[in-house]
Amino acid sequence: MALPKILKDFNLFGDGNNWQGQVPSVTPPELARRMVEYEGGGMDGPIEVDMGNQLMEMSWTAGGLIVDGLFDSYGSPIHDAAQLRFTGSYESDETGDSVAVEIVVRGRHKTIGMGEATKGDNSTIEVTTTLSYYKLTVDGEEIIEMDKPGNVFRVRGEDRLAQRRQNLGI
C-alpha cells in the first residue's frame, strides 16, 4: 500500500517578513493554460490551441492583523511589487520521509478583505494576489518557473519559450 505525502506544516513570508503562526490557510495558484478553439478547412472538428498561461492568483488568510509586508506594496504601479514565499513540509506516514516544497510568487495584492470586526472574536484578513511570476521548487528541484513579462516558461529545466524568444530577437 502506498500513502501520499501530506502537508504537515507550512509558513508564509511576505516581502521578507516572517508570518510564522499568523497565516492559517493558503490557496496556491492554479496552473492553467489559456486555450482557444480552432477548426480549419479539411479538419474533422475543432481542437484547442494553447495560447499560454492563464492569469494566476494566490489567496491566503491572515489570522488577525498583519501590517508589515502586506500594505506596503498595495496599490503599487509595479506589476511585481509584492513577493510571497510559501514553504511547506509534506510528509509520508508510510516511510516518514519529508519533502520540502517552496512556492515563490510576485505580483500585486488585488484585494485585502478586512473581514468582520467583532469584539473578542478571531478576525481574519482575506488577501488575493494576482501574479506575474511563479516558481515551484520540490526537494530542491525547480519544477515550474513562469516569468510572464520576461517571456520565460520552464518545466523541469526545459525552457519552453527559448525558441520563441530567439525568433522574436529578445
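Here we summarise the structure given alongside this text. Just so it is clear, the structure is predicted and the values come from calculations on it, not from any experiment. (Residues numbered from 1 in each chain as written. Predicted model: local features only at pLDDT ≥ 70, side-chain atom pairs only at ≥ 80, totals over all residues. Heavy atoms only, no water.)

## What to know about the overall build of the protein
For clarity, the threshold we go by: Only DSSP runs of H or I reaching four residues or more are called helices, and only runs of E reaching two or more are called strands; each is numbered from the N terminus. In this treatment the radius of gyration is a C-alpha quantity, and the globule benchmark scales as 2.2 Å times the residue count to the 0.38 power. Exposure classes here rest on a 1.4 Å probe applied to the protein chains alone. A residue is buried below 20% of its type maximum, exposed above 50%, and partly exposed in between. Here the positive residues are Lys and Arg and the negative ones are Asp and Glu; neither His nor the chain ends is included. For this purpose, a charge sits on NZ of Lys, CZ of Arg, CG of Asp or CD of Glu.
Looking only at helices and strands, the protein features one helix and twelve strands. The helix and strand sequence of the protein, counted from the amino end, reads β-β-β-β-β-β-β-β-β-β-β-β-α. Its C-alpha radius of gyration of 19 Å places the protein more than 25% over the 15 Å reference for a compact globule of 170 residues. Along the first, second and third principal axes, the C-alpha set of the protein runs to 70 × 50 × 35 Å. Taking all 170 residues of the protein together, the buried fraction comes to 33%. With 16 positive and 27 negative side-chain charges, the protein shows a spacing of 5 Å between the two charge centroids.

## Thoughts on the packing of aromatic side chains
Inclusion rule: We call Phe, Tyr and Trp rings a pair once their centres come within 6.5 Å, taking the six-membered ring for Trp, and we label the pair stacked below 30 degrees between planes, edge-to-face above 60, and tilted otherwise. Our definition puts a charge over a ring when NZ of Lys or CZ of Arg is within 6 Å of the ring centre and also within 35 degrees of the ring normal.
Taken as a whole and assessed by the stated rule, the structure comprises two aromatic pairs. Between Phe10 and Phe86 the ring centres are 5.5 Å apart and the planes differ by 25°, which places this aromatic pair in the stacked class. Here Phe86 lies in strand S7 (residues 82–92) and Phe10 lies in strand S1 (residues 5–14), a separation of 76 residues in the sequence. On the basis of an interplanar angle of 25° and a centroid distance of 4.9 Å, the ring pair of Trp19 and Trp60 is categorised as stacked. Remark: Trp60 occurs in strand S6 (residues 56–62) and Trp19 occurs in the loop between strand S2 (17–18) and strand S3 (25–27); sequence separation between them is 41 residues. Owing to a relative accessible area of 2%, Trp19 belongs among the buried residues under this scheme. A relative accessible area of 1% means that Trp60 is categorised as buried. If you follow Arg85 out to its NZ or CZ, it ends over the ring of Phe13, 4.3 Å from the centre. Sitting over the face of the ring of Tyr133, Arg106 holds its NZ or CZ atom 3.8 Å from the ring centroid.

No statement about biological role is implied by the geometric values presented.
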